[in-house]
Amino acid sequence: MDRSTEIREFLRTRRARITPEQAGLAPHAGARRVPGLRREEVAQLAGVSVDYYVRLERGRTQGVSETVLEAVARALQLDDAERAHLFDLARPTATRARRPRPQAPQRVLPAVYRALDALGVPAMVQGRRMDVLAANRLGYALITDFQARPHRERNAARFVFLDDDARSLYTDWERIAAECVATLRLYAGRHPDDPQLTELIGELSLHSDTFRRLWADHDVLAHTTGSKRLRHPLVGDLTLEYVVLAVEGDPDQTLIVYTPEPASPSAEAIGILASWTHSTTGSHAAPDASPGLPL
């Protein structure tokens with residue numbers, strides 16, 4: 001991805017969503033030619049010259065200080081994920097002329113596989129680009145059996161946008177889709193030279209109008225906690241809370257655990273699903289071969 005284009009579009013979309021009144025500025029008389037804040041208004045709020053801010057929005061970030069980036073983040077009322085994304089996009093680019101080194105395959109530690117199997121609720125491990133690296137039986141049974149798919153297709157974003165079963169599964173599919181894109185966008189800011197990410201974005205853009213529309217919004221999201229409403233083909237409607245936990249030793253690997261409210265219909269549904277998974281020969285947390293297999 002081109003960082004200059006990314007930072008320009010990110011800053012443009014952020015200032016477009018804030019009115020002068022929301023920013024604490026006195027409203028101007030007459031019609032405004034642009035939605036949200038003008039560049040000069042952002043510069044005023046950030047305490048920098050208009051020329052300086054314009055250069056920043058054009059992607060000319062060489063020499064920009066953290067102090068200025070913090071001031072712009074405050075002026076645009078960025079949340080923590082958006083602030084981190086701004087800093088990622090503004091990182092020095094001098095070393096990017098060199099050919100990027102290929103990323104080592106991600107491995108799931110044997111201890112993580114054992115933890116997955118020990119959990120009595122659905123859980124899975126996601127890696128780069130929302131790749132699904134592993135899950136327990138309940139995790140596969142809840143969402144889909146990623147382990148039965150070719151390695152390339154073991155990806156949560158591909159499932160959400162390219163699999164009709166996802167639209168049936170997620171009651172609020174549009175929200176899930178938006179969060180999925182925002183998560184990918186945050187990852188893209190940290191890893192702009194990931195060729196597999198470029199391939200994934202191209203594939204989703206080609207086959208999904210919704211993905212193209214959401215990708216153009218430049219929203220970012222850091223998943224930590226939340227809830228999902230599902231209409232499961234076996235156990236019906238259920239609502240689950242989820243928590244995203246970092247996996248030690250790999251900053252691009254997370255453990256996602258889904259839990260129902262105790263003594264709720266959703267808890268009963270998870271119990272039924274657990275009984276079903278134990279009565280079948282379905283997938284489990286371990287990969288196709290030995291623990292630690294790169295996915």
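See the structure printed just above.
So, a few notes on the structure that sits alongside this text. As the structure is a computational prediction, the values presented were derived from the model and not from experiment. (Residues numbered from 1 in each chain as written. Predicted model: local features only at pLDDT ≥ 70, side-chain atom pairs only at ≥ 80, totals over all residues. Heavy atoms only, no water.)

Mapped onto the fold, Ala 84 is located in helix α5 (residues 80–89). Measuring from C-alpha to C-alpha, the distance between Ala 84 and Leu 186 comes to 8.5 Å, with 102 residues separating the pair along the chain. (Helix = DSSP H or I, 4+ residues; strand = E, 2+ residues; numbered from the N terminus.)

Moving on: the packing of helix α1 (residues 3–16) against helix α3 (residues 50–57). Two elements in contact, α1 and α3, have axes whose closest approach is 8 Å; the angle formed by their N-to-C orientations is 120°. What the angle tells us is that α1 and α3 run oblique. Within the contact between the two elements, α1 uses Ile 7, Arg 8, Leu 11, Arg 12 and Arg 15 and α3 uses Tyr 53, Leu 56 and Glu 57. For the contact of α1 with α3, the class distribution of residues is 4 nonpolar, no polar and 4 charged. (Axes fitted to C-alpha atoms, helices over the stretch in contact; angles between N-to-C directions. Parallel < 35°, antiparallel > 145°, perpendicular 65-115°, else oblique. Contact = heavy atoms within 4.5 Å. Nonpolar A, V, L, I, M, F, W, Y, C, P; charged D, E, K, R; others polar.)

Along the polypeptide, Arg 185 turns up in helix α10 (residues 173–190). Given the relative accessible area of 1%, Arg 185 is considered buried. Dropping the residues within four chain positions of it, Arg 185 is found in contact with Glu 6, His 85, Trp 215, Ala 216, His 218, Asp 219 and Val 220. (Buried < 20%, exposed > 50% of the residue type's maximum accessible area, 1.4 Å probe, protein only.)

Space inside the largest pocket adds up to approximately 660 Å³. Considering the residues around the largest pocket, the lining is formed by 35 residues, among which Gln 126, Thr 183, His 223, Val 244 and Thr 254 are closest to the centre. In the lining of the largest pocket, the residues fall into 22 nonpolar, 6 polar and 7 charged. (1 Å grid on protein atoms, 1.4 Å probe; cavity = no way out; pocket = protein on both sides within 12 Å on 5 of 7 lines; lining within 4 Å. Points joined across faces, edges and corners; volume = space filled by probe spheres on them.)

Regarding helix α4 (residues 66–75), the residues found buried are Val 68, Leu 69, Ala 71, Val 72, Ala 73 and Ala 75. Phi for Gln 77, located one or two positions after α4, is positive at around 55°.

Moving on, we get to unusual backbone geometry. Non-glycine residue Arg 129 carries a positive phi angle of around 60°. The topology assignment puts Arg 129 in the loop between β1 (123–126) and β2 (132–135). Taking relative accessible area as the criterion, Arg 129 reaches 7% and is therefore assigned buried. Its identity is not glycine, yet Ala 263 carries a phi of approximately 60°, on the positive side. Assignment of secondary structure puts Ala 263 in the loop between β5 (250–259) and α13 (265–278).

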